Amino acid sequence: MRRLRACLGAAAAVGLAAAGTTALVAGSASGATSALGNRWYAAAPYLMPLDNDPPDPATIMDATGLKAFQLAFVLAPNGGGCSPTWGGTAAVSSDTAVQSVVNTIRAKGGDVSVSIGGYGGTKLGQVCSDAAATAAAYQQVITKYGLHAIDFDLEEPEYENTAAIKNEIGAAKILQQNNPGLYVSVTTAGTADGTGWFGKQMLLEAKSQGFTPNNFSIMPFDGGFNGAASQTSALTNFNQILQSTFGWDQATAYAHEGFSGMNGRSDTGEFFTQTDFQTVLDYATSHNMDRFTFWSLNRDRQCTPADNGGRTSGTCSSVAQNSWDFAKYSVKFAGVTPPSSTPTPTPTPTPTPPSTGCKPAWSSTAVYTVGNEVSYNNHNWKAKWWTQNETPVASDWGVWQDEGAC
(Lines give C-alpha, C1' and ligand atoms only; values in the text may rest on other atoms or scores of the structure.)
Protein backbone atom coordinates (compact mmCIF):
# COMPACT_ATOMS: atom_id res chain seq x y z
CA MET A 1 0.00 0.00 0.00
CA ARG A 2 2.28 2.61 -1.28
CA ARG A 3 1.89 5.28 -0.22
CA LEU A 4 2.19 8.99 -0.72
CA ARG A 5 3.46 8.29 -3.41
CA ALA A 6 5.76 7.07 -5.46
CA CYS A 7 30.70 8.14 -10.33
CA LEU A 8 31.44 4.93 -11.86
CA GLY A 9 33.14 3.54 -8.79
CA ALA A 10 32.84 -0.17 -8.08
CA ALA A 11 30.72 -1.11 -5.08
CA ALA A 12 32.81 -2.18 -2.12
CA ALA A 13 32.48 -5.65 -0.68
CA VAL A 14 31.13 -5.87 2.87
CA GLY A 15 32.51 -8.31 5.39
CA LEU A 16 29.28 -9.81 6.67
CA ALA A 17 28.73 -13.40 7.66
CA ALA A 18 25.34 -13.40 5.94
CA ALA A 19 23.96 -16.57 4.46
CA GLY A 20 23.78 -16.73 0.70
CA THR A 21 26.11 -13.83 -0.02
CA THR A 22 26.63 -13.93 -3.75
CA ALA A 23 28.55 -11.66 -6.09
CA LEU A 24 26.99 -10.91 -9.45
CA VAL A 25 29.34 -9.56 -12.08
CA ALA A 26 27.60 -7.02 -14.25
CA GLY A 27 29.48 -5.53 -17.15
CA SER A 28 27.31 -2.54 -17.93
CA ALA A 29 27.43 1.15 -18.61
CA SER A 30 26.92 1.76 -14.87
CA GLY A 31 30.41 0.55 -14.10
CA ALA A 32 29.30 -1.74 -11.29
CA THR A 33 31.55 -4.80 -11.12
CA SER A 34 30.84 -6.33 -7.72
CA ALA A 35 27.91 -6.76 -5.39
CA LEU A 36 27.39 -6.10 -1.72
CA GLY A 37 26.43 -9.01 0.50
CA ASN A 38 22.82 -10.12 0.12
CA ARG A 39 22.11 -8.94 3.67
CA TRP A 40 22.57 -5.35 2.51
CA TYR A 41 20.05 -5.70 -0.32
CA ALA A 42 17.69 -7.29 2.20
CA ALA A 43 18.07 -4.22 4.41
CA ALA A 44 17.82 -1.53 1.73
CA PRO A 45 15.15 1.10 2.60
CA TYR A 46 13.07 2.66 -0.18
CA LEU A 47 14.15 5.97 -1.67
CA MET A 48 12.32 7.95 -4.33
CA PRO A 49 15.20 9.58 -6.23
CA LEU A 50 13.04 11.95 -8.29
CA ASP A 51 10.06 12.78 -6.04
CA ASN A 52 9.11 13.61 -2.44
CA ASP A 53 12.03 16.00 -1.83
CA PRO A 54 14.77 13.35 -2.29
CA PRO A 55 17.39 13.44 0.46
CA ASP A 56 21.09 13.22 -0.35
CA PRO A 57 22.05 9.53 -0.09
CA ALA A 58 25.67 10.44 0.70
CA THR A 59 24.50 12.33 3.78
CA ILE A 60 22.47 9.33 4.93
CA MET A 61 25.43 6.98 4.36
CA ASP A 62 27.76 9.20 6.40
CA ALA A 63 25.27 9.58 9.25
CA THR A 64 24.13 5.98 9.55
CA GLY A 65 26.56 3.61 7.84
CA LEU A 66 23.84 2.57 5.37
CA LYS A 67 25.17 1.10 2.13
CA ALA A 68 22.14 -0.07 0.12
CA PHE A 69 19.12 1.81 -1.24
CA GLN A 70 15.88 0.55 -2.81
CA LEU A 71 15.09 3.03 -5.60
CA ALA A 72 11.39 3.41 -6.47
CA PHE A 73 9.43 3.01 -8.73
CA VAL A 74 9.77 1.67 -12.29
CA LEU A 75 6.44 1.74 -14.16
CA ALA A 76 5.06 1.54 -17.68
CA PRO A 77 4.86 4.86 -19.56
CA ASN A 78 1.80 6.92 -18.71
CA GLY A 79 1.05 7.15 -22.41
CA GLY A 80 1.21 3.39 -22.89
CA GLY A 81 3.82 0.93 -24.10
CA CYS A 82 6.04 -1.84 -22.79
CA SER A 83 9.16 0.12 -21.83
CA PRO A 84 10.46 1.03 -18.37
CA THR A 85 10.14 4.52 -16.91
CA TRP A 86 10.61 6.17 -13.55
CA GLY A 87 7.17 6.96 -12.22
CA GLY A 88 5.56 6.61 -15.63
CA THR A 89 7.19 9.77 -16.97
CA ALA A 90 11.01 9.52 -17.19
CA ALA A 91 12.30 6.90 -19.63
CA VAL A 92 14.97 4.64 -18.17
CA SER A 93 16.72 4.51 -21.55
CA SER A 94 17.56 8.22 -21.51
CA ASP A 95 17.85 8.69 -17.75
CA THR A 96 20.77 10.63 -16.29
CA ALA A 97 19.21 11.88 -13.03
CA VAL A 98 18.78 8.49 -11.34
CA GLN A 99 22.10 7.33 -12.78
CA SER A 100 23.74 10.25 -10.98
CA VAL A 101 22.20 9.10 -7.69
CA VAL A 102 23.44 5.56 -8.34
CA ASN A 103 26.91 6.86 -9.10
CA THR A 104 26.98 8.87 -5.86
CA ILE A 105 26.04 5.83 -3.80
CA ARG A 106 28.52 3.53 -5.52
CA ALA A 107 31.33 6.08 -5.22
CA LYS A 108 30.93 5.76 -1.44
CA GLY A 109 31.05 1.97 -1.48
CA GLY A 110 27.30 1.35 -1.57
CA ASP A 111 24.86 -0.04 -4.11
CA VAL A 112 21.22 0.07 -5.15
CA SER A 113 18.31 -2.21 -5.88
CA VAL A 114 15.40 -1.03 -8.01
CA SER A 115 11.76 -1.53 -7.10
CA ILE A 116 9.15 -2.02 -9.78
CA GLY A 117 5.44 -1.48 -9.29
CA GLY A 118 4.21 0.07 -6.07
CA TYR A 119 0.75 1.40 -5.27
CA GLY A 120 -1.00 3.01 -8.23
CA GLY A 121 0.28 3.77 -11.70
CA THR A 122 0.40 1.37 -14.64
CA LYS A 123 2.69 -1.61 -14.22
CA LEU A 124 4.60 -3.25 -17.05
CA GLY A 125 2.95 -6.57 -16.27
CA GLN A 126 -0.39 -4.97 -17.12
CA VAL A 127 0.60 -3.76 -20.58
CA CYS A 128 3.37 -6.04 -21.86
CA SER A 129 2.13 -8.93 -24.00
CA ASP A 130 3.56 -11.78 -21.91
CA ALA A 131 6.14 -12.70 -19.31
CA ALA A 132 9.00 -12.66 -21.81
CA ALA A 133 8.17 -9.13 -22.97
CA THR A 134 7.80 -8.00 -19.36
CA ALA A 135 11.17 -9.51 -18.48
CA ALA A 136 12.79 -7.85 -21.51
CA ALA A 137 11.59 -4.46 -20.26
CA TYR A 138 12.99 -5.09 -16.79
CA GLN A 139 16.25 -6.40 -18.23
CA GLN A 140 16.77 -2.93 -19.68
CA VAL A 141 16.75 -1.58 -16.10
CA ILE A 142 19.14 -4.26 -14.85
CA THR A 143 21.55 -3.60 -17.72
CA LYS A 144 21.28 0.19 -17.54
CA TYR A 145 22.24 0.34 -13.86
CA GLY A 146 24.25 -2.87 -13.55
CA LEU A 147 21.86 -4.15 -10.89
CA HIS A 148 22.59 -6.93 -8.44
CA ALA A 149 19.12 -6.78 -6.86
CA ILE A 150 15.53 -6.05 -7.88
CA ASP A 151 12.22 -5.81 -6.01
CA PHE A 152 8.79 -6.71 -7.41
CA ASP A 153 6.31 -4.58 -5.44
CA LEU A 154 3.03 -6.25 -6.38
CA GLU A 155 -0.02 -4.49 -4.97
CA GLU A 156 -3.10 -2.52 -5.99
CA PRO A 157 -4.38 -2.37 -8.59
CA GLU A 158 -2.03 -4.81 -10.36
CA TYR A 159 -2.28 -7.75 -7.99
CA GLU A 160 -6.02 -7.90 -8.66
CA ASN A 161 -5.22 -8.63 -12.33
CA THR A 162 -4.52 -12.34 -12.82
CA ALA A 163 -2.86 -11.89 -16.21
CA ALA A 164 -0.64 -9.08 -14.94
CA ILE A 165 0.54 -11.11 -11.94
CA LYS A 166 1.27 -14.06 -14.22
CA ASN A 167 3.43 -11.75 -16.35
CA GLU A 168 5.25 -10.29 -13.34
CA ILE A 169 5.98 -13.63 -11.67
CA GLY A 170 7.03 -15.09 -15.03
CA ALA A 171 9.29 -12.10 -15.65
CA ALA A 172 10.86 -12.43 -12.20
CA LYS A 173 11.64 -16.08 -12.88
CA ILE A 174 13.21 -15.24 -16.26
CA LEU A 175 15.36 -12.48 -14.74
CA GLN A 176 16.46 -14.79 -11.96
CA GLN A 177 17.54 -17.40 -14.53
CA ASN A 178 19.25 -14.92 -16.88
CA ASN A 179 21.11 -12.95 -14.19
CA PRO A 180 22.83 -15.50 -11.91
CA GLY A 181 23.14 -14.22 -8.35
CA LEU A 182 20.45 -11.56 -8.78
CA TYR A 183 18.78 -10.86 -5.43
CA VAL A 184 15.00 -10.88 -5.98
CA SER A 185 12.40 -9.77 -3.45
CA VAL A 186 8.62 -9.81 -3.92
CA THR A 187 6.67 -7.34 -1.80
CA THR A 188 2.90 -7.34 -1.30
CA ALA A 189 0.16 -6.09 1.01
CA GLY A 190 -0.03 -7.23 4.63
CA THR A 191 -3.14 -7.98 6.69
CA ALA A 192 -3.71 -9.17 10.24
CA ASP A 193 -3.96 -12.69 8.81
CA GLY A 194 -0.65 -12.30 6.97
CA THR A 195 -1.81 -11.26 3.53
CA GLY A 196 -5.15 -11.00 1.78
CA TRP A 197 -6.80 -13.06 -0.93
CA PHE A 198 -4.88 -11.43 -3.78
CA GLY A 199 -1.58 -11.87 -1.97
CA LYS A 200 -2.33 -15.56 -1.52
CA GLN A 201 -3.24 -15.88 -5.19
CA MET A 202 0.12 -14.30 -6.07
CA LEU A 203 1.90 -16.92 -3.94
CA LEU A 204 -0.04 -19.69 -5.68
CA GLU A 205 1.00 -18.26 -9.06
CA ALA A 206 4.64 -18.33 -7.95
CA LYS A 207 4.23 -21.93 -6.84
CA SER A 208 2.60 -22.94 -10.13
CA GLN A 209 5.51 -21.41 -12.09
CA GLY A 210 8.14 -22.99 -9.85
CA PHE A 211 9.48 -19.55 -8.85
CA THR A 212 11.18 -18.97 -5.51
CA PRO A 213 12.62 -15.49 -4.85
CA ASN A 214 14.99 -14.65 -2.04
CA ASN A 215 11.94 -13.57 -0.07
CA PHE A 216 8.26 -12.75 -0.10
CA SER A 217 7.77 -9.60 2.00
CA ILE A 218 4.56 -8.18 3.43
CA MET A 219 3.74 -4.59 4.34
CA PRO A 220 1.89 -4.71 7.68
CA PHE A 221 0.48 -1.18 7.71
CA ASP A 222 -2.56 0.62 6.28
CA GLY A 223 -4.71 -2.29 7.36
CA GLY A 224 -5.84 -1.57 10.91
CA PHE A 225 -2.45 -2.21 12.51
CA ASN A 226 -1.48 -0.68 15.83
CA GLY A 227 2.19 -0.83 16.69
CA ALA A 228 4.73 -3.63 16.64
CA ALA A 229 2.67 -6.37 18.30
CA SER A 230 0.13 -6.33 15.49
CA GLN A 231 2.94 -6.42 12.92
CA THR A 232 4.81 -9.36 14.44
CA SER A 233 1.50 -11.23 14.72
CA ALA A 234 0.93 -10.68 11.00
CA LEU A 235 4.46 -11.91 10.24
CA THR A 236 3.79 -15.06 12.25
CA ASN A 237 0.57 -15.64 10.32
CA PHE A 238 2.29 -14.98 7.00
CA ASN A 239 4.93 -17.54 7.90
CA GLN A 240 2.17 -20.12 8.25
CA ILE A 241 0.81 -19.13 4.83
CA LEU A 242 4.25 -19.65 3.30
CA GLN A 243 4.49 -23.06 4.97
CA SER A 244 1.11 -24.21 3.73
CA THR A 245 1.58 -22.81 0.22
CA PHE A 246 5.07 -24.13 -0.53
CA GLY A 247 5.32 -27.06 1.84
CA TRP A 248 8.19 -25.47 3.76
CA ASP A 249 8.95 -26.04 7.41
CA GLN A 250 8.84 -23.03 9.73
CA ALA A 251 12.55 -22.23 9.51
CA THR A 252 12.60 -22.42 5.71
CA ALA A 253 9.56 -20.16 5.53
CA TYR A 254 11.21 -17.56 7.78
CA ALA A 255 14.35 -17.76 5.62
CA HIS A 256 12.13 -16.69 2.68
CA GLU A 257 10.08 -14.08 4.56
CA GLY A 258 10.50 -10.32 4.71
CA PHE A 259 9.09 -7.25 6.46
CA SER A 260 8.48 -3.90 4.76
CA GLY A 261 7.22 -1.29 7.22
CA MET A 262 6.23 2.36 7.13
CA ASN A 263 8.08 4.71 9.45
CA GLY A 264 6.04 7.15 11.48
CA ARG A 265 2.45 7.91 10.54
CA SER A 266 0.94 5.62 7.89
CA ASP A 267 -1.51 6.60 5.17
CA THR A 268 -4.42 5.57 7.39
CA GLY A 269 -3.18 7.30 10.54
CA GLU A 270 -1.43 4.38 12.25
CA PHE A 271 1.78 5.27 14.11
CA PHE A 272 5.01 3.25 14.08
CA THR A 273 7.78 4.66 16.25
CA GLN A 274 11.44 3.83 16.71
CA THR A 275 10.44 1.48 19.55
CA ASP A 276 8.11 -0.40 17.20
CA PHE A 277 10.89 -0.74 14.62
CA GLN A 278 13.25 -2.15 17.25
CA THR A 279 10.64 -4.72 18.32
CA VAL A 280 10.05 -5.88 14.75
CA LEU A 281 13.79 -5.90 14.08
CA ASP A 282 14.30 -8.16 17.11
CA TYR A 283 11.57 -10.46 15.80
CA ALA A 284 13.08 -10.54 12.30
CA THR A 285 16.59 -11.32 13.48
CA SER A 286 15.56 -13.87 16.12
CA HIS A 287 13.54 -15.76 13.50
CA ASN A 288 16.29 -15.50 10.85
CA MET A 289 14.03 -13.64 8.43
CA ASP A 290 15.52 -12.68 5.08
CA ARG A 291 14.50 -9.02 4.78
CA PHE A 292 13.82 -5.89 6.85
CA THR A 293 13.06 -2.67 5.01
CA PHE A 294 10.74 0.34 5.17
CA TRP A 295 9.00 3.11 3.25
CA SER A 296 10.77 5.47 3.08
CA LEU A 297 14.03 7.39 3.44
CA ASN A 298 12.26 10.44 2.01
CA ARG A 299 10.12 10.32 5.18
CA ASP A 300 12.98 9.61 7.61
CA ARG A 301 13.12 13.09 9.11
CA GLN A 302 10.97 15.10 11.48
CA CYS A 303 8.11 17.28 10.30
CA THR A 304 7.78 20.88 11.41
CA PRO A 305 6.25 21.19 14.90
CA ALA A 306 3.00 22.49 13.45
CA ASP A 307 2.56 19.38 11.33
CA ASN A 308 4.01 16.76 13.68
CA GLY A 309 1.53 13.95 14.10
CA GLY A 310 -1.30 15.69 12.34
CA ARG A 311 -0.87 14.45 8.78
CA THR A 312 0.80 11.79 6.70
CA SER A 313 3.57 13.17 4.54
CA GLY A 314 5.79 11.86 1.77
CA THR A 315 8.70 13.96 3.05
CA CYS A 316 8.65 13.50 6.85
CA SER A 317 7.51 10.94 9.41
CA SER A 318 5.08 12.87 11.66
CA VAL A 319 6.78 11.42 14.76
CA ALA A 320 9.53 12.88 16.94
CA GLN A 321 12.91 11.82 15.57
CA ASN A 322 16.39 12.76 14.53
CA SER A 323 17.04 12.63 10.81
CA TRP A 324 17.68 9.06 9.61
CA ASP A 325 16.70 7.38 12.88
CA PHE A 326 14.78 4.66 11.03
CA ALA A 327 17.58 3.99 8.54
CA LYS A 328 19.72 2.81 11.44
CA TYR A 329 17.42 -0.18 11.99
CA SER A 330 18.19 -1.29 8.44
CA VAL A 331 21.89 -0.91 9.17
CA LYS A 332 21.49 -3.10 12.26
CA PHE A 333 19.67 -5.75 10.23
CA ALA A 334 22.61 -5.78 7.82
CA GLY A 335 24.84 -6.66 10.75
CA VAL A 336 26.57 -3.32 11.28
CA THR A 337 26.55 -0.99 14.29
CA PRO A 338 25.41 2.52 13.28
CA PRO A 339 27.36 5.57 14.50
CA SER A 340 26.14 7.00 17.80
CA SER A 341 23.87 10.02 17.58
CA THR A 342 22.18 12.58 19.77
CA PRO A 343 19.11 11.43 21.71
CA THR A 344 15.76 11.40 20.00
CA PRO A 345 13.98 14.72 20.60
CA THR A 346 11.25 14.92 23.21
CA PRO A 347 8.11 13.64 21.52
CA THR A 348 5.63 16.23 20.42
CA PRO A 349 2.20 15.27 21.78
CA THR A 350 0.11 13.72 19.07
CA PRO A 351 -2.75 16.14 18.43
CA THR A 352 -6.30 14.94 18.65
CA PRO A 353 -7.55 14.81 15.07
CA PRO A 354 -10.28 17.35 14.45
CA SER A 355 -13.75 15.96 14.07
CA THR A 356 -14.46 15.06 10.48
CA GLY A 357 -17.73 15.92 8.86
CA CYS A 358 -19.65 13.21 7.08
CA LYS A 359 -19.69 13.08 3.29
CA PRO A 360 -22.97 12.73 1.40
CA ALA A 361 -24.79 9.54 2.36
CA TRP A 362 -24.16 6.43 0.27
CA SER A 363 -26.96 5.51 -2.12
CA SER A 364 -27.55 2.02 -3.47
CA THR A 365 -28.75 3.43 -6.80
CA ALA A 366 -25.98 5.95 -7.43
CA VAL A 367 -22.95 5.24 -9.61
CA TYR A 368 -19.58 6.03 -8.00
CA THR A 369 -16.21 6.26 -9.67
CA VAL A 370 -12.65 6.30 -8.33
CA GLY A 371 -12.18 9.01 -5.69
CA ASN A 372 -15.86 9.61 -4.96
CA GLU A 373 -16.54 9.94 -1.22
CA VAL A 374 -19.62 8.94 0.75
CA SER A 375 -20.68 8.32 4.34
CA TYR A 376 -22.17 5.11 5.71
CA ASN A 377 -22.59 3.85 9.30
CA ASN A 378 -20.91 7.00 10.67
CA HIS A 379 -17.75 6.45 8.59
CA ASN A 380 -16.53 8.20 5.46
CA TRP A 381 -15.57 5.97 2.52
CA LYS A 382 -13.69 6.55 -0.75
CA ALA A 383 -14.32 4.54 -3.93
CA LYS A 384 -11.27 2.76 -5.40
CA TRP A 385 -12.96 2.16 -8.76
CA TRP A 386 -16.37 2.22 -10.48
CA THR A 387 -19.16 0.79 -8.36
CA GLN A 388 -22.90 0.68 -7.91
CA ASN A 389 -24.97 -0.96 -5.15
CA GLU A 390 -21.90 -2.25 -3.25
CA THR A 391 -22.36 -1.45 0.44
CA PRO A 392 -19.32 0.27 1.98
CA VAL A 393 -17.46 -2.24 4.13
CA ALA A 394 -13.82 -2.57 5.16
CA SER A 395 -12.07 -5.16 2.98
CA ASP A 396 -8.57 -5.55 1.58
CA TRP A 397 -9.94 -6.29 -1.88
CA GLY A 398 -13.26 -4.41 -1.72
CA VAL A 399 -14.19 -1.30 -3.66
CA TRP A 400 -14.44 0.99 -0.60
CA GLN A 401 -11.59 2.45 1.43
CA ASP A 402 -12.51 3.33 5.01
CA GLU A 403 -11.46 6.94 5.74
CA GLY A 404 -12.45 6.85 9.40
CA ALA A 405 -15.27 7.93 11.65
CA CYS A 406 -17.25 11.06 10.90
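Above this text you will find the structure in question.
What counts, and at which threshold
- Residues numbered from 1 in each chain as written.
- Predicted model: local features only at pLDDT ≥ 70, side-chain atom pairs only at ≥ 80, totals over all residues.
- Heavy atoms only, no water.
- Salt bridge = Lys/Arg side-chain N within 4 Å of Asp/Glu carboxyl O.
- Helix = DSSP H or I, 4+ residues; strand = E, 2+ residues; numbered from the N terminus.
- Buried < 20%, exposed > 50% of the residue type's maximum accessible area, 1.4 Å probe, protein only.
- Core = buried A, V, L, I, M, F, W, Y, C linked by side-chain atoms within 4.5 Å.
- Contact = heavy atoms within 4.5 Å.
- Phe/Tyr/Trp six-rings, centres within 6.5 Å; stacked < 30°, edge-to-face > 60°.
- Axes fitted to C-alpha atoms, helices over the stretch in contact; angles between N-to-C directions.
- Parallel < 35°, antiparallel > 145°, perpendicular 65-115°, else oblique.
- Left-handed = near helix turned anticlockwise from the far one by under 90°.
- Nonpolar A, V, L, I, M, F, W, Y, C, P; charged D, E, K, R; others polar.

1. Comments concerning the pattern of salt bridges
For the structure on display, the rule yields 5 salt bridges. One salt bridge in this structure joins Asp62 and Lys108, with 2.8 Å as the shortest N-O distance. Taken together, the residues span a long stretch of sequence, with Asp62 in helix H2 (residues 57-64) and Lys108 in the loop between helix H3 (97-107) and strand S5 (111-117) at a distance of 46 residues. Residue classification places Asp62 among the exposed positions, given a relative accessible area of 54%. Between Asp151 and Arg291 there is a salt bridge, with its nearest N and O atoms 3.7 Å apart. Pair noted here: Asp151 is in strand S6 (residues 149-153) and Arg291 is in strand S12 (residues 291-295), with a separation of 140 residues, a long-range link. For the pair Asp151 and Arg291, one class covers both residues: buried.

2. Concerning the nonpolar core
Formed by 94 residues in total, the largest nonpolar core has its most connected members in Phe69, Leu71, Phe152, Phe216 and Phe292. With 7 residues, the single largest contributor to this core is helix H8 (residues 228-246). Contacts of Phe216, omitting those with residues within four sequence positions, involve Val186, Met202, Leu203, Ala206, Phe211, Phe238, Leu242, Phe246, Trp248, His256, Glu257 and Gly258. Formed by 7 residues, the second largest nonpolar core is a distinct cluster that contains Trp362, Ala383, Val399 and Trp400.

3. Brief notes about the packing of aromatic side chains
Scanning all chains against the criterion turns up 20 aromatic pairs. Pairing Phe294 with Phe326 gives two aromatic rings, centres 6.4 Å apart and planes at 55 degrees, and the pair type is tilted. A residue pair is termed long-range when its members are at least 10 positions apart, and Phe294 in strand S12 and Phe326 in the loop between S12 and helix H11 (327-333) qualify at 32 residues. A relative accessible area of 0% places Phe294 in the buried class. Owing to a relative accessible area of 0%, Phe326 belongs among the buried residues under this scheme. A connected cluster of aromatic rings, assembled from ring pairs, spans Phe259, Phe277, Phe292, Phe294, Phe326, Tyr329 and Phe333.

4. A look at the packing of helix H6 (residues 162-178) against helix H7 (residues 197-209)
Where H6 contacts H7, the two axes come as close as 10 Å, and the packing angle between them is 45 degrees. In terms of axis orientation, H6 runs oblique to H7. By crossing handedness, the relation of H6 to H7 is classed as right-handed. Mapping the contact onto sequence places Ile165, Lys166, Ile169, Gly170 and Lys173 in H6 and Met202, Glu205, Ala206 and Gln209 in H7. For the contact of H6 with H7, a count of residues per class yields 4 nonpolar, 2 polar and 3 charged.

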